[in-house]
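Breakdown of the fold
For reference, the chains in residue letters:
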Amino acid sequence: MRPVVRHQYDAVIVGAGGAGLMAALEASKGCRVAVVSKLYPTRSHTGTAQGGIGAALGNREPDNWEWHMFDTVKGGDYLVDQDAAEFMCKEAIRVVYELEHMGLPFNRTPEGKIDQRKFGGHTKEFGKGPVQRSCFAADRTGHMILQTLYQQCIKRQVTFFDEYRLVDVLMREGRCCGVVALCLATGELHVIHAKAVLMATGGFGRMYKVTSNAHTLTGDGCAILWRRGLPLEDMEFFQFHPTGIYKLGILITEGARGEGGVLRNRTGERFMERYAPTLLDLAPRDMVSRAVHQEIRAGRGIDGKDYVHLDLTHLDRRVIEEKLPDITDFVRTYLGLDPVRELIPIQPTAHYAMGGIPTNLNAEVLADEQGRVVPGLYAAGECACVSVHGANRLGTNSLVDIVVFGNRGGQRIAEWAPKAEWAALPDDPEGSAQEQLARLEANRGGDEAARLRAEMQQVMMDDVGVFRIHAGLQEACERVNRLRAAYQGVGLSDKGRRFNTEVEELLELGGLLDLAWVTATAALARQESRGGHSREDFPNRDDAKWLKHSMASLRGDAVQLAYKPVTITRFQPQERKY
Ligand SMILES: Cc1cc2nc3c(=O)[nH]c(=O)nc-3n(C[C@H](O)[C@H](O)[C@H](O)COP(=O)(O)OP(=O)(O)OC[C@H]3O[C@@H](n4cnc5c(N)ncnc54)[C@H](O)[C@@H]3O)c2cc1C
């Protein structure tokens, strides 16, 4: 058994990306807050976000939040909850200015306002043409958000448990009352008793072989709540970003196309003209990713291979080097190519989880499809599903989501926690975490975990990727389930307690396998094509049967699926043309 250390805080925020830090900052205005993060905060994936944060500031040309809301709803193929999208698009403006006032160094227009650029799916006047809405700090927007928020949290004396890994969330009689975390440095368990817990653990792109996501994006928070019996919403919707560096998956921001870059096939054709005549290369990501795949299937990939080109060579060298410095660097470093003169080989890369922990507009976690709230439990950011992205997220809308709903969740906690009664911890709060770790120590180590991970990533890439079909999805469910069974036998080669990263990898693999299973199962059930979920056997969107959110829960050892309606306020579903 591992030694246990105990703490008490009004609120615990799990995750120190943009969502977690924003929530911590707000919550700290009303109560004592601790942040638990498996990474040093500024290493969170938010720090890699390149392109920008969308807000209808109208600094370059007229814009308003209602157009932003329309684009978000249509971009999400009408699966977006419109009350949430309205809230987000209005709040985006306030929160971006708040970030500016905290000191975030945005690029500037000649008059000194926050500069804005075009991004996929963002339009003026309800789809008339692209609009400059993405506020950016070169191609390091996320990095700047993270640094700015971290400084503010330090200033407000938020307590940080850096390199502590969440292993369990504590519940008693349906209420959340704390967390159990593993300290990487010592191997001790820490039980943190809290009135409120906010999950901000980010996405889970690591279930796929080719992904833009950092190695740490393993969906731990989602998997832990799922095992505690809570539902996950819209898990079948996973976004592929069209421009990952060929084979590596490293992201080339959509900002490159926002600045004028275009996609070309082996004949040099700007093929998006055939797929999206109005928005061209700036159509939403699901459409561009499918177009790239279709070109490759039709034999128009470069040299007949499975990639196409991103062409920036017609852009001014200054634009490339000043507005896209980091990606220019990536291309030079990883490919040995100079984007100023040479074409960049790209392929779609697994990028963003639209689904996750269901919440309402206050970032309160929902226990079921009826909307019952789990007292004391909140979620925000990529791990959550509120749902503002529906079936496909627009570029720049995740950074908006994390700051807006992180802010909202933090505010709610600041209001609620000081007044709330303490709930008692369950008996033996660390019991289940101890058991899980003891099993990994008791099992024999070896390279089995690496084999399971590689197979999962390949299956998900092949069968639960850009295009899906019944037989493939069925097979993916079965294979992932076999991998889950095999996982029960994996163990540690390194039994040490201090800085044991193997423990971390095994815990992450277990979570990813569960989430892969839920994703494949929900995708098998949804017999239509919508946004990022494209079924070759059901090529059309079917609003009569499928205009609804899925809610998957673990019952026994099966995925149980329920559904709930989409909130529609201003915009009725229409055909999605760009
Ligand atoms: C390369 C790239 C570029 C992107 N560019 C853009 C963009 O330009 N615009 C845009 O809107 N979106 C962009 N996105 C998406 C966006 O950046 C993310 O969706 C968003 O930053 C997620 O923020 P988050 O706070 O939810 O999670 P993250 O920033 O991923 O943070 C997750 C946090 O959870 C912690 N954590 C996870 N598991 C545990 C655990 N078990 N125990 C303790 N802590 C844990 C981690 O330590 C980390 O602090 C991009 C994504 C990628 C990958």
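Computed from a predicted model, the values in this text were never measured in an experiment.

Taken together, 39 residues sit near the ligand, with Ser-44, His-45, Thr-46, Glu-382 and Ser-398 positioned nearest. Residue Gly-17 places a main-chain N or O atom 3.4 Å away from an oxygen atom belonging to the ligand. Thr-396 is positioned with one of its backbone polar atoms (N or O) 3.3 Å from an oxygen atom of the ligand. Ranked by the residues each element gives to the shell around the ligand, the list is headed by helix H11 (residues 397-416), at four residues. Partitioning the shell around the ligand into residue classes produces 14 nonpolar, 20 polar and five charged.

Considered domain by domain, the protein is made up of domain 1 (4-237 + 354-419), domain 2 (243-348) and domain 3 (431-538). Measuring from the centre of the C-alpha atoms in domain 1 to the corresponding centre in domain 3 gives 24 Å. Listed by partner, the interface residues are 39 residues for domain 1 and 38 residues for domain 3. Across the interface of domain 1 and domain 3, roughly 3,300 Å² is buried in total on both sides, 61% from carbon and sulfur atoms. Taken together, domain 1 and domain 3 are joined by five salt bridges. Taken together, the links from domain 1 to domain 3 amount to 17 residue pairs in polar contact (both at pLDDT 80 or more).

Overall, the coordinates contain 58 salt bridges when judged by the stated rule. Across the pair Asp-281 and Arg-270 runs a salt bridge, and its minimum N-O distance is 2.6 Å. In this pair, Asp-281 is assigned in the loop between helix H7 (272-275) and helix H8 (285-297) and Arg-270 in the loop between strand E12 (262-264) and H7, connecting sequence segments 11 residues apart. Judged by relative accessible area, Arg-270 falls into the partly exposed class, the value being 25%.

Within the largest apolar cluster, 85 residues are counted, with the highest numbers of intra-cluster contacts made by Met-199, Phe-204, Met-207, Tyr-208, Ile-357, Leu-377 and Met-456. For this core, the element with the highest residue contribution is helix H15 (residues 501-525), accounting for 13 residues. Each of domain 1 (4-237 + 354-419) and domain 3 (431-538) contributes no fewer than three residues to this core. Ile-357 has contacts with Met-199, Gly-221, Cys-222, Leu-225, Leu-232, Val-365, Ala-379, Cys-383, Ala-384 and Cys-385, leaving out every residue within four places of it along the chain. With 58 residues, the next largest nonpolar core counts Val-33, Leu-198, Ala-380 and Ile-402 among its residues.

A separate point is the packing of aromatic side chains. The description of an aromatic ring pair uses the distance of the two centres, along with the angle that the planes make with each other. Counted under the stated rule, the structure contains 16 aromatic pairs. Look at Tyr-9 and Phe-161: their rings are 6.0 Å apart centre to centre, the planes differ by 90°, and that puts the pair in the edge-to-face class. On the criterion of sequence distance, the pair formed by Tyr-9 in strand E1 (residues 4-14) and Phe-161 in strand E6 (residues 159-162) is long-range, its members being 152 residues apart. Using a relative accessible area of 10% as the deciding quantity, one classes Tyr-9 as buried. With a centroid separation of 6.1 Å and an interplanar angle of 55°, the aromatic rings of Phe-330 and Tyr-334 are classed as tilted. Of the two residues, Phe-330 and Tyr-334 are both situated in helix H10 (residues 325-335); the distance of four residues between them amounts to about one turn of the helix. An aromatic cluster is built from Phe-204, Tyr-208, Phe-238 and Phe-240, whose rings are joined through pairwise contacts. One Lys or Arg, Lys-548, reaches over the ring of Trp-546 and ends 5.0 Å from the middle of that ring.

Let us now look at the sheet that holds strand E4 (residues 116-124). Reading across the sheet, the three strands line up as E3-E5-E4 and stay open at both edges, with antiparallel pairing between neighbours. With one partner strand each, in any of the chains shown, strand E3 (53-54) and E4 form the two edges of the open sheet. Where E3 meets strand E5 (residues 129-135), two bridges bridge the pair, whose relative direction is antiparallel. When the bridges of E5 are listed, Gly-54 appears paired with Ser-134.

Taken across its seven residues, E5 has five buried, putting it largely inside the fold. Strand direction decides the pairing type here: E4 and E5, joined by five bridges, are antiparallel. Bridging across to E5, Lys-124 finds its partner in Gly-129. The antiparallel pairing of E4 with E5 creates a hairpin that spans four residues between the two strands, and Glu-125 there sits at a positive phi of about 45°.

When the terminal C-alpha atoms of helix H4 (residues 141-155) are compared, their 21 Å separation across 15 residues agrees well with the 21 Å that a helix rising 1.5 Å per residue should span. Taken residue by residue, H4 has Thr-141, Gly-142, Ile-145, Leu-146, Thr-148, Leu-149, Tyr-150, Gln-152 and Cys-153 as its buried positions. Packed against the buried residues of H4 are helix H1 (18-27), E3, helix H3 (82-102), E5, E6 and H11. Positioned one or two residues after H4, Gln-157 has a phi angle of 60°, which is positive.

Here the amide bond leading from Val-386 into Ser-387 is cis, since omega sits at -5°, within 30 degrees of zero. Here Ser-387 is to be found in the loop between strand E18 (384-385) and H11. Its identity as a non-glycine residue notwithstanding, Glu-173 has a phi of 45°, on the positive side. Topologically, Glu-173 is positioned in the loop between strand E7 (164-172) and strand E8 (175-183). Residue classification places Glu-173 among the exposed positions, given a relative accessible area of 78%.

Contact geometry of helix H12 (residues 431-442) with H15 gives a least axis separation of 11 Å together with a crossing angle of 110°. Relative to H15, the element H12 lies roughly perpendicular. Judged by the twist between their axes, the crossing of H12 over H15 is right-handed. The segment H12 lies against H15, with Gln-436, Leu-437 and Leu-440 engaging Val-503, Leu-506 and Leu-507.

Another point: the sheet that holds strand E22 (residues 558-565). Within a sheet, adjacent strands bond to each other through the backbone by hydrogen bonds, running parallel or antiparallel. Overall, antiparallel pairing links the three strands, which are arranged E10-E21-E22 in an open sheet. Lying at the two open borders of the sheet, with one neighbouring strand each, are strand E10 (232-233) and E22. Where strand E21 (residues 548-555) lies against E22, eight bridges are found, and the strand directions are antiparallel. Within E22, the position partnered with Ser-553 by the bridge is Gln-560. The strands touched by helix H5 (residues 220-227) are E10, E21 and E22; relative to E21, the strand with the most contacts, the crossing angle is about 65°.

Calculation criteria
Residues numbered from 1 in each chain as written. Predicted model: local features only at pLDDT ≥ 70, side-chain atom pairs only at ≥ 80, totals over all residues. Heavy atoms only, no water. Near = heavy atom within 4 Å. Polar contact = N/O pair within 3.5 Å; in protein donor to acceptor, adjacent residues only side chain to side chain. Helix = DSSP H or I, 4+ residues; strand = E, 2+ residues; numbered from the N terminus. Nonpolar A, V, L, I, M, F, W, Y, C, P; charged D, E, K, R; others polar. Domains from an automatic or database assignment. Contact = heavy atoms within 4.5 Å. Buried area = accessible area lost by both parts, 1.4 Å probe. Salt bridge = Lys/Arg side-chain N within 4 Å of Asp/Glu carboxyl O. Buried < 20%, exposed > 50% of the residue type's maximum accessible area, 1.4 Å probe, protein only. Core = buried A, V, L, I, M, F, W, Y, C linked by side-chain atoms within 4.5 Å. Phe/Tyr/Trp six-rings, centres within 6.5 Å; stacked < 30°, edge-to-face > 60°. Lys NZ or Arg CZ within 6 Å of the ring centre and 35° of its normal. Pairing = 2+ DSSP bridges. Expected span 1.5 Å × (residues − 1). Axes fitted to C-alpha atoms, helices over the stretch in contact; angles between N-to-C directions. Parallel < 35°, antiparallel > 145°, perpendicular 65-115°, else oblique. Left-handed = near helix turned anticlockwise from the far one by under 90°.

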